Amino acid sequence: MFDLVIANGTVVTAEGIAHADVGIRNDKIAAIGARLVGLQTVDASGMLVLPGAIDEHVHLQMPVGDVTSSDDFRSGTVAAAHGGTTTIIDFVEPEPGQPLLAALEERRAEADGQVAIDYGLHMTLSRADDETLAQVPACINAGTASFKLYMAYEGLRLDDGGLLRALSTLRTHGGRPLVHAENHHAIIYLASLALAEGRTGPESHPLTRPAIMEAEAIHRLLSLAGVTGTPLILAHLSCALGLEEVRRARARGQTVWVETCPQYLLLDEGEYQRPGFEGAKFVMAPPPRSAADRAALWAGLAAGEVDTIATDHCPFFYETQKTRGRHDFSKIPGGAPGIETRLPLLYTHGVRTGRLSLERWVEVCCTGPARRFGLAPRKGTLAVGADADVIIFDPERRVTLSAGGLHQNVDYTPYEGWEVHGYPITVLSRGQVIVQDGEFVGEVGHGSFLETVPL
Ligand SMILES: [Zn+2]
């Protein structure tokens, strides 16, 4: 006898599809099979039953200059849950000179008690001096085994020497780099040129971050990682030229995993031509690019060259926060919301169009990320012994996305008015129903810290 049985659904994992019941006891999956009997039964006839999704790249309540991303751990994780995401990985950003473990403790104190779902943290290495790098093993021991490296943004970025030192240290200790690859100096130069010529609107943003300079950064990064022999994850790949660099590195024998995001698969540079200041809603880095880039990323996903779809969720209110850059696009806080809409968008535009199989959709949104951060087999799949993080997904439910109907704490969605066909209906986190028929019934504080482990 199980506590709960999800009966008669189509169970989808990265490995295959089966018509089966899922039996849950306490917080774990206890059986997958036929005619299971539970104290409670949820009928999932006609539904897809999926592992809870993992979003390996989100920025909740993240300070950026003098503004902070508008979803806190509470609103952001509730929104995530509505979208079928049951695990997020956010970031620790130590203050200059702050010991990394102290920053980790502070960040955990912000999240614990506030999160509706489980969460992990990447440690940001914005310095690569001996003193900072000496703290890497302690971070790994404390459950933060992945490290964000930036090649752009003053105050965060590492130069080539710093990258080499950081990559080498991470190689030694098994820490996993997640890298933001853009050419910092090109961005600064092109932005100053645009501003000097009076081109101050959001339409200048993508012109200052051209695809060729992202590809240059990726090439340089992968060359440095080739020297140190460090496997890495490339964050938010946006362009075909960048994917070519990845192919070359893999052909040389390097291990590199590629993350992209729904915005690079679904949006393009045309968004910046919206009237007035509206293009600011799409100011993020890297920017969405051309139709050809989108096609290359879709093909890469289907072919297994692109490994993960995360969101890089980093929302700012259009009316009160994005407006800081009304007269200077370089001051528009960079980032956009997406934590809630990933699965339905990818189902609608990936699975329904035949560009992704059901199994591949689950692999790139759930299973792959769990494996890469050492959360498998506890997270990311439906298997006996795994956490009972489960989505009941109605493949026929049609929803028109709008900021008012979503739970993200922000006044717009890049997908306003888009109709999705397929939506999460009921979501479980460790055996607890946290979203039921589209309503949040969970408990803020239910989520707990997950340790990522070196692989
Ligand atoms: Zn990010």
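Residues numbered from 1 in each chain as written. Predicted model: local features only at pLDDT ≥ 70, side-chain atom pairs only at ≥ 80, totals over all residues.

K.L.:
Any chance you could break down the overall build of the protein for me, citing the residues and the numbers?
P.N.:
When you go through the protein residue by residue, the secondary structure sums to twelve helices and 19 strands. Taken over C-alpha atoms, the radius of gyration comes to 21 Å for the protein, in line with the 23 Å a tight globule of 455 residues would show. With the C-alpha coordinates of the protein rotated into their principal frame, the extents come out at 70 × 50 × 40 Å. Restricting to contacts in the protein with at least 6 residues of sequence separation, those with at least 24 account for 75%. (Helix = DSSP H or I, 4+ residues; strand = E, 2+ residues; numbered from the N terminus. Rg over C-alpha atoms; globule rule 2.2 N^0.38 Å. Contact = placed C-beta atoms within 7 Å.)

K.L.:
Mind laying out the nonpolar core, listing which residues take part and the relevant values?
P.N.:
If you look at the biggest cluster of nonpolar residues, it comprises 133 residues, and the most contacted ones within it are I6, V22, V49, V179, L221, L234 and C365. Counting residues per element, this core draws most heavily on helix α7 (residues 211-228), which supplies eight residues. Counting contributing residues, this core receives three or more from each of domain 1 (2-50 + 387-440) and domain 2 (52-372). Leave out the neighbours within four places in its chain, and L221 touches M151, L163, V179 and A181. (Core = buried A, V, L, I, M, F, W, Y, C linked by C-beta atoms within 7 Å. Buried ≥ 20, exposed ≤ 12 C-beta atoms within 10 Å, placed from the backbone. Domains from an automatic or database assignment.)

K.L.:
Account for the sheet that holds strand β10 (residues 118-124), with residues named and values stated.
P.N.:
Strands sit in the order β6-β9-β10-β11-β12-β13-β14-β15 across an open sheet of eight strands; the sheet is parallel. Two strands lie at the open edges of the sheet, namely β6 (53-55) and β15 (308-309), each paired on one side alone. Sheet analysis places strand β13 (residues 232-234) next to strand β14 (residues 256-260), joined by three bridges and oriented parallel. Bridging across to β14, I233 finds its partner in W257. Strands β9 (85-92) and β10 of the sheet are contacted by helix α2 (residues 100-111), whose axis makes an angle of about 150 degrees with β10. (Pairing = 2+ DSSP bridges. Axes fitted to C-alpha atoms, helices over the stretch in contact; angles between N-to-C directions.)

K.L.:
Help me get a handle on unusual backbone geometry, residues and values and all.
P.N.:
Here the amide bond leading from A285 into P286 is cis, since omega sits at -5 degrees, within 30 degrees of zero. Relative to the helices and strands, P286 is located in the loop between α9 (262-266) and α10 (291-303). With an omega of 5 degrees, the peptide bond between A376 and P377 qualifies as cis. Along the chain, P377 turns up in the loop between α12 (358-372) and β16 (390-400). Backbone geometry places N8, a non-glycine residue, at a positive phi of 70 degrees. A positive phi angle is found at Y153, which is not glycine, with a value near 85 degrees. Topologically, Y153 is positioned in the loop between β11 (146-150) and α5 (160-173). What makes Y153 partly exposed here is the crowd of 15 C-beta atoms within 10 Å.

K.L.:
Help me get a handle on the environment of W298, residues and values and all.
P.N.:
Assignment of secondary structure puts W298 in helix α10. Residue classification places W298 among the buried residues on the basis of 20 C-beta atoms within 10 Å. Placed 33 residues apart in sequence, W298 and L265 show a C-alpha to C-alpha distance of 6.7 Å. If we ignore the near neighbours within four places in the chain, the residues touching W298 are L265 and R355.

K.L.:
Can you lay out the environment of Q114 for me, pointing to particular residues and giving the numbers?
P.N.:
Positionally, Q114 belongs in the loop between α2 and β10. Along the primary structure Q114 and H82 are separated by 32 residues, whereas in three dimensions their C-alpha atoms are 16 Å apart. The residues contacting Q114, other than those within four sequence positions of it, are D72, F73, R74, V444 and G445.

K.L.:
Describe the pairing of strand β1 (residues 2-12), listing the residues and the values that go with them.
P.N.:
In the case of a regular strand, side chains alternate between the two sheet surfaces. A large share of β1 lies buried, amounting to eight of its eleven residues. Pairing analysis gives five bridges linking β1 to strand β4 (residues 38-43), with the strands arranged parallel. Within β4, the position partnered with F2 by the bridge is G38. One ladder, built from seven bridges, connects β1 with strand β2 (residues 17-25); its direction is antiparallel. In the sheet register, I6 faces β2, and the bridge partner there is V22. Where β1 hands over to β2, the hairpin turn is made up of four residues, counted between the paired strands. Inspection of the sheet shows β1 paired to strand β5 (residues 48-51) by two bridges, in the parallel sense. Bridge pairing in β5 places T10 opposite L48.

K.L.:
A description of the packing of helix α11 (residues 342-351) against α12 should follow, citing residues and the corresponding values.
P.N.:
The interhelical angle for the contact between α11 and α12, taken along N-to-C directions, is 145 degrees, at an axis separation of 11 Å. Crossing handedness for the pair α11 and α12: right-handed. Contact with α11, carried on its side by R342, L343, L346, Y347, G350 and V351, involves L358, W361 and C365 of α12 and no other residues of that element. Residues of the contact of α11 with α12, tallied by class, amount to seven nonpolar, one polar and one charged. (Left-handed = near helix turned anticlockwise from the far one by under 90°. Nonpolar A, V, L, I, M, F, W, Y, C, P; charged D, E, K, R; others polar.)

K.L.:
I'd like to hear about α12, residue by residue, with values.
P.N.:
Here α12 is 15 residues long and its end C-alpha atoms lie 20 Å apart, about the 21 Å a rise of 1.5 Å per residue gives. Of all the bends in α12, the greatest measures close to 50 degrees and is centred on V364. Extensive coverage of α12 is indicated by the burial of twelve of its 15 residues. The positive-phi residue at the C-terminal boundary of α12 is G374, with phi of around 75 degrees. (Expected span 1.5 Å × (residues − 1). Bend = angle between axes of the 7 residues up to and from the residue.)

K.L.:
Describe the domain arrangement of the protein, listing the residues and the values that go with them.
P.N.:
Per the domain assignment, the segments making up the protein are domain 1 (2-50 + 387-440) and domain 2 (52-372). The distance between the C-alpha centroids of domain 1 and domain 2 comes to 27 Å. Taken together, the contact between domain 1 and domain 2 spans 33 residues of the former and 41 residues of the latter. Counting only elements with at least two residues in the side of domain 1 that touches domain 2, the list comes to β16, β17 (419-429) and β18 (432-436). The dominant element in the side of domain 1 that touches domain 2, judged by the number of residues it contributes, is β17, at seven residues.

K.L.:
So what about the environment of L170? Which residues, and what values?
P.N.:
Along the chain, L170 turns up in helix α5. Under the C-beta neighbour-count criterion, L170 is labelled buried, with 26 such atoms within 10 Å.

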